[in-house]
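Below are the chains, spelled out letter by letter.
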Amino acid sequence: MNREKLIAAVKEQMPERRWLHTLGVMETSVILAKRFGGDTEKADLAAILHDYCKYWPVQEQAKIIRDNALPQDLLQFDKELWHSHAGAFIAKSQFGIVDEEVLDAIRYHTSGREAMTLLDKIVCLADYMEPGRDFPSVDRIRELAEISLEQALIAGFDSTIAFLLAKGKRIYPLTILTRNDLIQQIK
Ligand code: DGI
Ligand code: FE
Ligand code: FE
Ligand code: FE
C-alpha cells in the first residue's frame, strides 16, 4: 500500500483531533530522525501507524493480544498500553509491514523497553512532544530533546509515572525498567 492510501486508512480509524496528533508525531519524528541520525522514512512510517488501534473498542484490542500470543501481562495493566501492541500486529497482518524496526517502534511507543533502538526512542519521544501536546513538563521535554533523546525520554517517562502515581494506578513494570535503563545509558 502506498503512503497516501495508508494515511487515508489511518485517518478513518480515529477522531479528527487524534489524526492531528498523528500528523504532529509524523512531523516531529522526522525532525528528531534528522537531528539524531535516524532513518526518516522508517520514522515517518512508524509515526503514521503508531496509534492505529487507539480508538478501537478495548475488547477488540484485548482479543488481538489474547489470540495472537502477544504479552498477556499487558491485560493486567492499564488499557492504554494495549493499542501499541495491537497496532504493531495490525501493521504486519493488515498492511504487510515486515520491517521489525518499524514494528518495534510502534509496539513499544507507549511502554518503552530496555535497550530501546534509535527508532524506538524517536517515535516514543515524538509522541510525547509533538506540537499539539500540552502538559506541564512538555516544554522541558522539548528543551531536552534539543540535546539528548535519552534525557528527554526520561523526563517524559517521569511525567507519565508521576501521573500514574497521582491517579493511584498500577505501573507496567517495563516502563520502570525502561526508565532505569535510560538513566544507565546517560551515565
Ligand atoms: O496514545 P497516546 O495518547 O498518543 O500516547 P501513549 O501511547 O504514550 O499512551 C500514553 C498513556 O498511557 C498515558 O495516558 C499513560 C498511559 N499509561 C497507563 N499505564 C502506563 C501508561 N504509560 C506507560 N508508559 N506505562 C504504563 O504503565
Ligand atoms: Fe499511543
Ligand atoms: Fe507515549
Ligand atoms: Fe500517540
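In this text the structure is predicted, and so the values were computed from the model without any measurement.

**With respect to the overall build of the chain**
- The secondary structure content of the chain amounts to 10 helices and 0 strands.
- Against the compact-globule benchmark of 16 Å for 187 residues, the chain has a radius of gyration of 15 Å, which places it among compact chains.
- Considering only C-alpha atoms, the chain reaches an extent of 40 × 35 × 30 Å along its principal axes.
- At a minimum sequence separation of 6, the contacts of the chain that also span at least 24 residues come to 60%.

**Here we look at the UniProt feature "domain: HD/PDEase" (unreviewed entry) in the chain**
- Residues annotated by UniProt as "domain: HD/PDEase" (unreviewed entry) correspond here to residues 14-141.
- Along residues 14-141, the helical share is 60% and the strand share 0%, with 26 Å between the first and last C-alpha atoms.

**Some remarks on unusual backbone geometry**
- Here the phi dihedral of Ala-69 falls at roughly 55 degrees; this positive angle occurs in a residue that is not glycine.
- Look at Ala-115: it is not a glycine, yet its phi comes out positive at around 50 degrees.
- Its place among the elements puts Ala-115 in the loop between α6 (100-107) and α7 (118-129).

**Here we look at the site of ligand 1**
- Near ligand 1 you find 17 residues, and of these Asp-78, Glu-80, Thr-110, Tyr-172 and Thr-175 are the closest.
- Per-class residue counts for the shell around ligand 1 are 5 nonpolar, 7 polar and 5 charged.

**Brief notes about the packing of helix α5 (residues 82-93) against α6**
- One way to put it is that α5 packs onto α6 with a least axis distance of 7 Å and a crossing angle of 155 degrees. Put simply, α5 runs roughly antiparallel to α6. Across the interface between the two elements, Ser-84, His-85, Gly-87, Ala-88, Ala-91 and Lys-92 from α5 touch Leu-103, Ile-106 and Arg-107 from α6.
- A per-class count over the contact of α5 with α6 returns 4 nonpolar, 3 polar and 2 charged.

**As for helix α4 (residues 58-67)**
- Among the residues making up α4, those that are buried are Gln-61, Ile-64 and Ile-65. Viewed along the axis of α4, the buried residues span an arc of 95 degrees, placing them on a single side of the element. Turned more than 90 degrees away from the buried face of α4 sit Gln-59, Glu-60, Arg-66 and Asp-67, all of them exposed.
- Elements in contact with the buried residues of α4: α5.
- Where α4 ends, the next residue or the one after it, Ala-69, has phi of about 55 degrees, a positive value.

How each quantity is defined
Residues numbered from 1 in each chain as written. Chains lettered and ligands numbered in written order. Predicted model: local features only at pLDDT ≥ 70, side-chain atom pairs only at ≥ 80, totals over all residues. Helix = DSSP H or I, 4+ residues; strand = E, 2+ residues; numbered from the N terminus. Rg over C-alpha atoms; globule rule 2.2 N^0.38 Å. Contact = placed C-beta atoms within 7 Å. UniProt positions renumbered as here; feature names shortened; annotations may be inferred. Near = placed C-beta within 6 Å. Nonpolar A, V, L, I, M, F, W, Y, C, P; charged D, E, K, R; others polar. Axes fitted to C-alpha atoms, helices over the stretch in contact; angles between N-to-C directions. Parallel < 35°, antiparallel > 145°, perpendicular 65-115°, else oblique. Buried ≥ 20, exposed ≤ 12 C-beta atoms within 10 Å, placed from the backbone. Arc of directions from axis to C-beta.

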